[in-house]
Amino acid sequence: MRVAPAPLRLAVLASGRGSNLQAIADAIAAGDLAAELVGVFSDKPGAFALERARRLGVHALAVRPRDFASRPAHDEHLFSQIDAVCPDVIVCAGYMRLLSEPVVTARQGRIINIHPSLLPAFKGLHTHQQALDAGAGVHGASVHYVTPELDGGPVVTQVRVPVEPGDDAERLAQRVLAQEHPLLLATLRLLATGRVQLAGSAHGSRVELDGQPLSAPLQLGPDNVLAEFSASPAPAIHPPPTNR
Ligand SMILES: Nc1nc2c(c(=O)[nH]1)N[C@@H](CN(C=O)c1ccc(C(=O)N[C@@H](CCC(=O)O)C(=O)O)cc1)CN2
Ligand SMILES: NCC(=O)N[C@@H]1O[C@H](COP(=O)([O-])[O-])[C@@H](O)[C@H]1O
């Protein structure tokens, strides 16, 4: 008899409102993501993401940078607390701090980040304004592995979002955010299957799908299904049925 794999143990790092966290929680509750939230961590005690976690009955902890002498010291303590809940994957979902090299390298291939741009375009902060200032016609979001280089890690998935006439940064951000949630969920479903891995060393790592290097990020289509990007329609990558 086939035994369902154990749910993917997820720890989430967030600095703000936590809508991506909520999307994960809602998908788990609906039986649409075979995962378990094992902890939510923030650099800001007032982050609403922590309140969302508490309301969900999920372990919630703030670790304030001001309480530590340095960024590495803060990160070491933060990640000691994260390690204590034994996550399979650590999701940066609006975590607004650069993670220091030792904690990232020690967890290479286990930390992902959702970033509101089509990387490698528009790294860093204020990405929507960057896109508008650059006159971009298309913007979007990316899920990538976290490496020591800020927003420089191998990209797993992306979703493209049109820039509309008259957009300002806030309106564009709202349009992108609405697509971040299905992108992050589709990516986590894929990670839960074990088909996607980060291969290679920290300085030459690449995403592999079914053991083969991914030539380009998987694209989320209007049906919220991931497909390999190619001129001709590529076979969609459907998640295994969840145990509803
Ligand atoms: N080593 C890495 N750390 C982080 C990554 C990464 O790819 N590698 N991704 C970020 C998330 N992120 C964008 O997606 C991001 C987070 C923070 C910053 C930033 O400039 N932070 C400043 C503080 C800004 C503030 O407090 O308002 C800082 O850390 O000094 C840029 C991009 C998560 N971490
Ligand atoms: N550089 C990191 C970054 O800008 N991340 C962005 O922060 C927002 C968090 O929203 P949420 O708290 O509602 O999930 C999201 O738009 C995410 O892409």
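The name given to the protein chain in an unreviewed UniProt entry is Phosphoribosylglycinamide formyltransferase, with Novilysobacter erysipheiresistens as the source organism. As stated in UniProt under Catalytic activity (unreviewed entry), the record for the protein chain gives "N(1)-(5-phospho-beta-D-ribosyl)glycinamide + (6R)-10-formyltetrahydrofolate = N(2)-formyl-N(1)-(5-phospho-beta-D-ribosyl)glycinamide + (6S)-5,6,7,8-tetrahydrofolate + H(+)". Recorded under Sequence similarities (unreviewed entry), the UniProt text for the protein chain is reproduced unchanged: "Belongs to the GART family."

Around ligand 1, the structure places 17 residues, and the nearest of them are Arg97, Leu98, Asn113, His115 and Asp151. Take Leu99: an N or O atom from its main chain is 2.9 Å from a nitrogen atom of ligand 1. In the environment of ligand 1, an oxygen atom lies 2.8 Å from a nitrogen or oxygen atom belonging to the side chain of Asn113. About the coverage of ligand 1: the protein hides 78% of its 720 Å² of free accessible area. In this structure, ligand 1 is accommodated by the largest pocket. Here the residues of the shell around ligand 1 sort into nine nonpolar, four polar and four charged.

In terms of burial, strand β5 (residues 111–115) is a largely internal element, five of the five residues being buried. Here β5 shows no split at all, with Ile111, Asn113 and His115 on one side and Ile112 and Ile114 on the other all buried. Taken together, the three bridges between strand β4 (residues 89–92) and β5 define a ladder with parallel strand orientation. For Ile90, the partnering residue across the bridge sits in β5 and is Ile111. In the sheet, β5 pairs with strand β6 (residues 138–145) via four bridges, with the strands oriented antiparallel. If you follow His115 over to β6, its bridge partner there is Ser142.

Before going further, it helps to examine the site of ligand 2. The immediate surroundings of ligand 2 are formed by Arg17, Gly18, Ser19, Asn20, Gly94, Met96, Ile114, His115, Pro116, Gly124, Leu177 and Glu180. Between an oxygen atom of ligand 2 and a side-chain N or O atom of Ser19, the distance comes to 2.5 Å. Glu180 has a polar side-chain atom sitting 2.7 Å from an oxygen atom of ligand 2. Across the complex, the protein chains shield 88% of the 440 Å² of accessible surface that ligand 2 would expose by itself. Under a 2 Å grid-point criterion requiring more than half of the atoms, the pocket assigned to ligand 2 is the largest pocket. Those elements that provide at least two residues to the shell around ligand 2 are α1 (19–29), β5 and α6 (169–193). Grouping the amino acids of the shell around ligand 2 by side-chain chemistry returns four nonpolar, six polar and two charged. The residue makeup of the shell around ligand 2 includes at least three contributed by each of domain 1 (1–107) and domain 2 (115–142 + 155–244).

What counts, and at which threshold
Residues numbered from 1 in each chain as written. Chains lettered and ligands numbered in written order. Predicted model: local features only at pLDDT ≥ 70, side-chain atom pairs only at ≥ 80, totals over all residues. Heavy atoms only, no water. UniProt positions renumbered as here; feature names shortened; annotations may be inferred. Near = heavy atom within 4 Å. Polar contact = N/O pair within 3.5 Å; in protein donor to acceptor, adjacent residues only side chain to side chain. Areas by Shrake-Rupley, 256 points an atom, 1.4 Å probe, with all protein chains shown as cover. 1 Å grid on protein atoms, 1.4 Å probe; cavity = no way out; pocket = protein on both sides within 12 Å on 5 of 7 lines; lining within 4 Å. Sits in = over half its atoms within 2 Å of the grid points. Nonpolar A, V, L, I, M, F, W, Y, C, P; charged D, E, K, R; others polar. Buried < 20%, exposed > 50% of the residue type's maximum accessible area, 1.4 Å probe, protein only. Helix = DSSP H or I, 4+ residues; strand = E, 2+ residues; numbered from the N terminus. Pairing = 2+ DSSP bridges. Domains from an automatic or database assignment.

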